[in-house]
Amino acid sequence: MISQKEYAHRRLKLAQSMSSESICLIHSANQKTRSNDTEYPYRQNSNFYYVTGFKEDESCLMIVKKKNKFKTILFVLKKDVKKELWTGQRLGEVEAKKLFSVNEVYTIDTLEEKFKEFSTRKQVLYYDFKLTYLKFKALKRISKGMHTHKNIALNIENMRLVKSTAEIKLIQKAIKITQKAHHKAMSCTKVDKNEYELQAKIENIFKAKGAYSDAYTSIVACGNAANTLHYIENNKPLEDGELILIDAGCEYEYYASDITRTIPVNGKFTKPQKELYQMILDVQVKIISMIAPGVMRSALQKKAEELLCDGLLLLGILKGKKKKLLKKDAHKKYYPHGIGHWMGIDVHDEAPYKDTKGKEIPLMKGMVLTIEPGIYCNTNDNSIPKKYRGIGIRIEDDILVTKNGHKNLSSSIVKDIEDIEKLSLL
Ligand SMILES: [Mn+2]
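Heads up: these notes are all about the structure in this document. (Residues numbered from 1 in each chain as written. Predicted model: local features only at pLDDT ≥ 70, side-chain atom pairs only at ≥ 80, totals over all residues. Heavy atoms only, no water.)

## Topic: the pattern of salt bridges
By the definition in use, this model includes 26 salt bridges. A salt bridge links Asp349 to Arg160; the shortest N-O distance between them is 2.7 Å. With a gap of 189 residues between them, Asp349 in the loop between α12 (322-327) and β15 (368-371) and Arg160 in the loop between α7 (152-159) and α8 (165-187) connect regions that are remote in the sequence. Grouping residues by exposure puts Asp349 and Arg160 together as buried. Of the charged contacts, one joins Asp397 and Arg261 as a salt bridge, the two residues approaching to 2.9 Å between their closest N and O atoms. Linking Asp397 in strand β18 (residues 397-401) with Arg261 in strand β14 (residues 260-264), this pair joins segments that are 136 residues apart in sequence. An identical accessibility class is assigned to Asp397 and Arg261; each is buried. Members of the salt-bridge network, linked through shared partners, are Arg160, Lys163, Asp346 and Asp349. (Salt bridge = Lys/Arg side-chain N within 4 Å of Asp/Glu carboxyl O. Helix = DSSP H or I, 4+ residues; strand = E, 2+ residues; numbered from the N terminus. Buried < 20%, exposed > 50% of the residue type's maximum accessible area, 1.4 Å probe, protein only.)

## What about the sheet that holds β14?
Spatially, 3 strands are ordered β10-β11-β14 in an open sheet, and the strand pairing comes out antiparallel. Only two strands of the sheet have a single neighbouring strand rather than two, namely β10 (219-222) and β14. Strand after strand, the sheet turns through a mean of 15 degrees between neighbouring axes, direction not considered. As defined by bridge partners, β10 adjoins strand β11 (residues 243-247) across 4 bridges and the pair is classed as antiparallel. Looking at the pairing, Cys222 lines up with Ile244 of β11. Lying on the sheet, α8 is in contact with β11 and β14; it crosses β14 at an angle near 10 degrees. (Pairing = 2+ DSSP bridges. Axes fitted to C-alpha atoms, helices over the stretch in contact; angles between N-to-C directions. Contact = heavy atoms within 4.5 Å.)

## Digging into the packing of helix α1 (residues 4-16) against α7
Interaxial distance between α1 and α7 falls to 10 Å at its minimum, and their mutual angle equals 125 degrees. The angle between α1 and α7 places the two elements in the oblique class. By crossing handedness, the relation of α1 to α7 is classed as right-handed. For the pair α1 and α7, contact is made by Arg10, Lys13 and Leu14 and by Ile152, Asn155, Ile156 and Met159, respectively. The class makeup of the residues in the contact of α1 with α7 is 4 nonpolar, 1 polar and 2 charged. (Parallel < 35°, antiparallel > 145°, perpendicular 65-115°, else oblique. Left-handed = near helix turned anticlockwise from the far one by under 90°. Nonpolar A, V, L, I, M, F, W, Y, C, P; charged D, E, K, R; others polar.)

## So, the nonpolar core
For soluble globular proteins, nonpolar side chains are generally found buried alongside one another. With 111 residues, the main nonpolar core has Leu276 and Ile375 as its most contacted residues. If one sorts the elements of this core by residue count, α8 sits on top with 10 residues. With residues near it in sequence (within four places) discarded, Ile375 still touches Leu276, Met279, Ile280, Leu308, Leu312, Tyr334, Tyr335, Ile391, Gly392 and Ile393. In this structure, Val64, Ile108, Phe118 and Tyr127 belong to the second largest nonpolar core, which totals 15 residues. (Core = buried A, V, L, I, M, F, W, Y, C linked by side-chain atoms within 4.5 Å.)

## Regarding the state of the cysteines
For the structure shown, the criterion picks out 0 disulfides. Cysteine Cys24 is unpaired, with the sulfur of Cys60 as its nearest cysteine sulfur at 8.2 Å. Overall, Cys24 belongs to the buried group, its relative accessible area being 0%. (Disulfide = S-S within 2.5 Å.)

## A look at the coordination of the manganese ion
Taken together, the protein donors to the manganese ion comprise Asp258 (OD), His341 (NE2), Glu372 (OE) and Glu396 (OE), at separations of 2.1 to 2.5 Å. Counting residues between consecutive donors of the manganese ion along the chain gives the motif D-x82-H-x30-E-x23-E. With Glu372 in the loop between β15 and β16 (374-377) and Glu396 in the loop between β17 (391-394) and β18, this residue pair connects regions lying 24 residues apart in the sequence. The same class applies to Glu372 and to Glu396, which are both buried. (Donors = N, O, S within 2.8 Å, 3.2 Å for Na, K, Ca; no water.)

## Quick word on unusual backbone geometry
Glycine aside, residues mostly have negative phi, and peptide bonds are mostly found in the trans state. Positive phi, normally seen in glycine, also occurs at Asn36, with a value near 45 degrees. Overall, the relative accessible area of 72% leaves Asn36 in the exposed class. Even without being glycine, Asn234 reaches a positive phi, approximately 50 degrees. Here Asn234 lies in the loop between β10 and β11. Note on Asn234: relative accessible area 1%, which makes it buried.

## Section: the packing of aromatic side chains
Going through the model one piece at a time under the given rule, you end up with 7 aromatic pairs. Residues Tyr7 and Tyr49 carry aromatic rings whose centres are separated by 6.3 Å and whose planes lie at 80 degrees to one another, so their mutual orientation is edge-to-face. Taken as a pair, Tyr7 in helix α1 and Tyr49 in helix α2 (residues 46-52) lie far apart in primary sequence, 42 residues in all. Pair check on accessibility: Tyr7 and Tyr49 agree, each one buried. A centroid spacing of 5.1 Å and a plane angle of 50 degrees characterise the contact between Tyr127 and Phe129, whose relative ring orientation is tilted. A residue is classified by how much of its surface remains accessible, and Tyr127, at 8% relative accessible area, is buried. Overall, the relative accessible area of 40% leaves Phe129 in the partly exposed class. Through pairs of rings, three or more aromatic residues link up here, namely Tyr7, Tyr49 and Tyr254. Sitting over the face of the ring of Tyr50, Arg10 holds its NZ or CZ atom 4.0 Å from the ring centroid. (Phe/Tyr/Trp six-rings, centres within 6.5 Å; stacked < 30°, edge-to-face > 60°. Lys NZ or Arg CZ within 6 Å of the ring centre and 35° of its normal.)

Here you go:
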């Protein structure tokens, strides 16, 4: 868990990043309609959550700063027993004041009034440009005279780049649950079952082990379906002799895991599957080994492209001179995506890749990123050897940058050919 002390420290750092005379508003996420009068399960806005730890909707954090002093004010929904009968308990302002170490707590219906009270024309106004709320329209009207509007999301996302010890613990917990799900997928009988049955098995473990949700829609793609990068239909039969690409990770207490494994339906890799798989695995292991503070993500990308190009040449999927092929991006036909991304409260964590001057940010201790090379050989691509057509493989792990190098947080989720085959015999 993240302590109130840590949230308070984040608000301090955030306030320090603001102009000396300023006011900031960070809103909670809205409920989202699924259809008619049903809603999607509620998920708090990541930036708001990062600086408050508050999970309810219709809430807002205000920071008022003057010179070196600042105060933090949380606005929450009023307790309303009649409403709570339908929509569940609310903390209310009295309890929220006890549990959250902010200076003041008010009910959300007083936001406009309090904004008028605390704002001045001299202040810089900060808010999250992405969050456009009906309520906020009114605030915008009042704040028209304020000379500068700035996007507070950028300040928060900068802070989200490097993870604290408590955050890393939550990520590790999410990965631990995801490990159980992937191992279950490897060990269970799959032939002639359906992709969604396997998906259900995986997500059942997420929930049964205490992960409220998946961190993103699971991909369970058998055979050629794996060659559609964002395949989420998950409704085809699992056929004997094919591979299944499973990209699935749970979210635990607002922290993501993001793991891909590619496994045989019947528990045994065929020779061509093995050849392609081993090549990608070797690349993944090599790229992970390069991770250390000071290294550029773009260097990992470049190296991955070179190594995958070597592999594709060796397997006869690409033909020609490596230099030329790389120059005309021939390998991108089979490896069209990036080598990885930041991971944290969001699976694709909203933290910058470049600094404000547009310069790439090097890896630093405490960052978490995924490493996920893949090769996708479409069944209709007649230019590649027949034995590889219809095979799509990706292998993805979650890596922490440490003081002297890195730690593969998901190293306990098996990925060697023999280990996967062994697990499926259980
Ligand atoms: Mn990923």
